[in-house]
Amino acid sequence: MSSLHKSRIADFQDVLKEPTIALEKLRELSFSGIPCEGGLRCLCWKILLNYLPLERASWTSILAKQRELYSQFLREMIIQPGIAKANMGVSREDVTFEDHPLNPNPDSRWNTYFRDNEVLLQIDKDVRRLCPDISFFQRATEYPCLLILDPQNEFETLRKRVEQTTLKSQTVARNRSGVTNMSSPQKNPAPSMNEYVVLPNGCEAHWEVVERILFIYAKLNPGIAYVQGMNEIVGPLYYTFATDPSSEWREHAEADTFFCFTNLMAEIRDNFIKSLDDSQCGITYKMEKVYSTLKDKDVELYLKLEFVLPDVIRIWDSLFADGNRFDFLLLVCCAMLILIREQLLEGDFTINMRLLQDYPITDVCQVLQKAKELQDSQ
């Protein structure tokens, strides 16, 4: 470890040990990258995302309160509905005229269950594919959720819901005459269920934890629910917290990730609401801002291009640390394009799309340095 890196670690430790964290100083340090040693990045992200207050003395009580609140969410939105579903239809009197599977009433428990299932299946499909280049999300967590996996609780878990729904859609099909055909599950395995091996009872993979976080968020935010892309935001947050060197922090990675994700979504949720796409807070407007910024910085490259994206944990250090973090994100996008301008100018649209999807520059510090140059030139 270089003396410079040791010095940076010491600078962070000095700021973080103060009774009241100096936010501007922390932002200044974090903007240049947060060391991962000693769980510094995990702690800084929690502060920068407004999960932990600046007063250290209140951390213990705040964390206890938030983690208990998350346990309450699990009970109310997964466990209790799972128990109700397990009981519905067990006896004939459970299926009433007021509440049965075909009841169109939007307040029907069955109606809510089916709507939630649609959201759950989309989440499940996305989180199983999370970060396929690393094995982390497929591995078992060392801290499975005991509330969910308690063998004494007989209820339908999210895993069971997905398995049963997938099995039904796999084995039941209707031909053109409306006659139901039954096919063998063994002959036609459902891709989503066989893409990755599901761990045995009592264990759960990290992707299942991410699935639960997103499902709870969708239930608490019905106006936005779940939109593809949210999984890519939760993933790096959860990975960072679940690999914290402190077992005390790792144990509560799920709850901590949920609240940090919720706080972050409060800032960027407009990007996920389709009706706002063309408004000043929508994603279309934001992309147009990228293009207009690029046009101002490099008009030749602007005239050659039509599309952009990517994301990295190191970049998030700078984004979370920046007071106007999403203005800086536009500059990061432009920097990524300008750094490969010669290749983009030489390629056609198809070649350029492949280039952007497999971005050639692996040194994110180079990207951030260029973005900072663009920021300073404004």
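Coordinates for the structure precede this section.
What you see is a predicted model, and the numbers here were worked out from it, not measured in a lab.

Here we look at the overall build of the chain
The secondary structure content of the chain amounts to 19 helices and 2 strands. The buried share of the chain, reckoned over its 378 residues, is 43%. For the chain, contacts bridging at least 24 residues in sequence account for 68% of all contacts bridging at least 6. Carbon and sulfur atoms make up 53% of the accessible area of the chain, which amounts to about 20400 Å² in all.

Section: helix α19 (residues 364-376)
Taking 1.5 Å of rise per residue, 13 residues should cover 18 Å, and α19 covers 18 Å from first to last C-alpha, within 8% of that figure. The set of residues buried in α19 consists of Val364, Val367, Leu368, Ala371 and Leu374. Looking straight down α19, one finds its buried side chains confined to an arc of 115°; they lie on one side. Away from its buried face, by an angle of more than 90 degrees, α19 presents the exposed residues Gln369 and Asp376. N-capping of α19 is provided by aspartate 363, with a side-chain oxygen placed 3.1 Å from the backbone N of cysteine 365.

Quick notes on the pattern of salt bridges
Counted according to the given criterion, the structure contains 14 salt bridges. Across the pair aspartate 256 and arginine 67 runs a salt bridge, and its minimum N-O distance is 2.9 Å. Linking aspartate 256 in helix α12 (residues 253-268) with arginine 67 in helix α4 (residues 59-87), this pair joins segments that are 189 residues apart in sequence. No difference in accessibility class separates aspartate 256 from arginine 67, as the two residues are buried. Because the salt bridges share partners, they merge into one network encompassing Glu204, Arg212 and Glu254.

Side note on the environment of proline 53
With respect to the helices and strands, proline 53 occurs in the loop between α3 (40-48) and α4. It is 8.8 Å that separates the C-alpha atoms of proline 53 and threonine 20, two residues lying 33 residues apart in sequence. Sequence-distant contacts of proline 53, that is, excluding residues within four places in its chain, are made with Ser58, Trp59 and Ile62.

Focus: the side chain of aspartate 116
Along the chain, aspartate 116 turns up in helix α5 (residues 109-127). In this structure the side chain of aspartate 116 is engaged in a polar contact, spanning 2.7 Å, whose partner is the side chain of lysine 219. Excluding residues that lie within four positions of it along the chain, aspartate 116 makes contacts with Arg161, Phe215 and Lys219.

What to know about the packing of aromatic side chains
Two aromatic rings are characterised by how far apart their centres lie and by the angle between their planes. Scanning the entire structure with this criterion turns up 13 aromatic pairs. An angle of 85° between the planes, with centres 5.1 Å apart, marks the rings of phenylalanine 258 and phenylalanine 259 as edge-to-face. The residues phenylalanine 258 and phenylalanine 259 share a single accessibility class, namely buried. On the basis of an interplanar angle of 50° and a centroid distance of 5.5 Å, the ring pair of tryptophan 316 and phenylalanine 320 is categorised as tilted. Taken together, the residues span about one helical turn, with tryptophan 316 and phenylalanine 320 both in helix α15 (residues 313-321) at a distance of 4 residues. For the pair tryptophan 316 and phenylalanine 320, a shared accessibility class is recorded, and that class is buried.

Focus on the nonpolar core
Membership of the largest hydrophobic core comes to 93 residues, with the highest contact counts inside it found for Leu26, Tyr70, Leu214, Tyr238, Phe261 and Val332. With near-sequence residues (within four places) excluded, tyrosine 70 lies in contact with Arg212, Ile213, Ile216, Glu254, Ala255, Phe258 and Phe259.

Here's the deal with the state of the cysteines
Counted by the stated rule, this structure contains 0 disulfides. Considering cysteine sulfurs only, cysteine 42 is the nearest to cysteine 260, which forms no disulfide, with 10.0 Å between them. Overall, cysteine 260 belongs to the buried group, its relative accessible area being 0%.

Parameters and conventions
- Residues numbered from 1 in each chain as written.
- Predicted model: local features only at pLDDT ≥ 70, side-chain atom pairs only at ≥ 80, totals over all residues.
- Heavy atoms only, no water.
- Helix = DSSP H or I, 4+ residues; strand = E, 2+ residues; numbered from the N terminus.
- Buried < 20%, exposed > 50% of the residue type's maximum accessible area, 1.4 Å probe, protein only.
- Contact = heavy atoms within 4.5 Å.
- Areas by Shrake-Rupley, 256 points an atom, 1.4 Å probe, with all protein chains shown as cover.
- Expected span 1.5 Å × (residues − 1).
- Arc of directions from axis to C-beta.
- Polar contact = N/O pair within 3.5 Å; in protein donor to acceptor, adjacent residues only side chain to side chain.
- Salt bridge = Lys/Arg side-chain N within 4 Å of Asp/Glu carboxyl O.
- Phe/Tyr/Trp six-rings, centres within 6.5 Å; stacked < 30°, edge-to-face > 60°.
- Core = buried A, V, L, I, M, F, W, Y, C linked by side-chain atoms within 4.5 Å.
- Disulfide = S-S within 2.5 Å.

Geometric descriptors of this kind do not, in isolation, establish any biological role.
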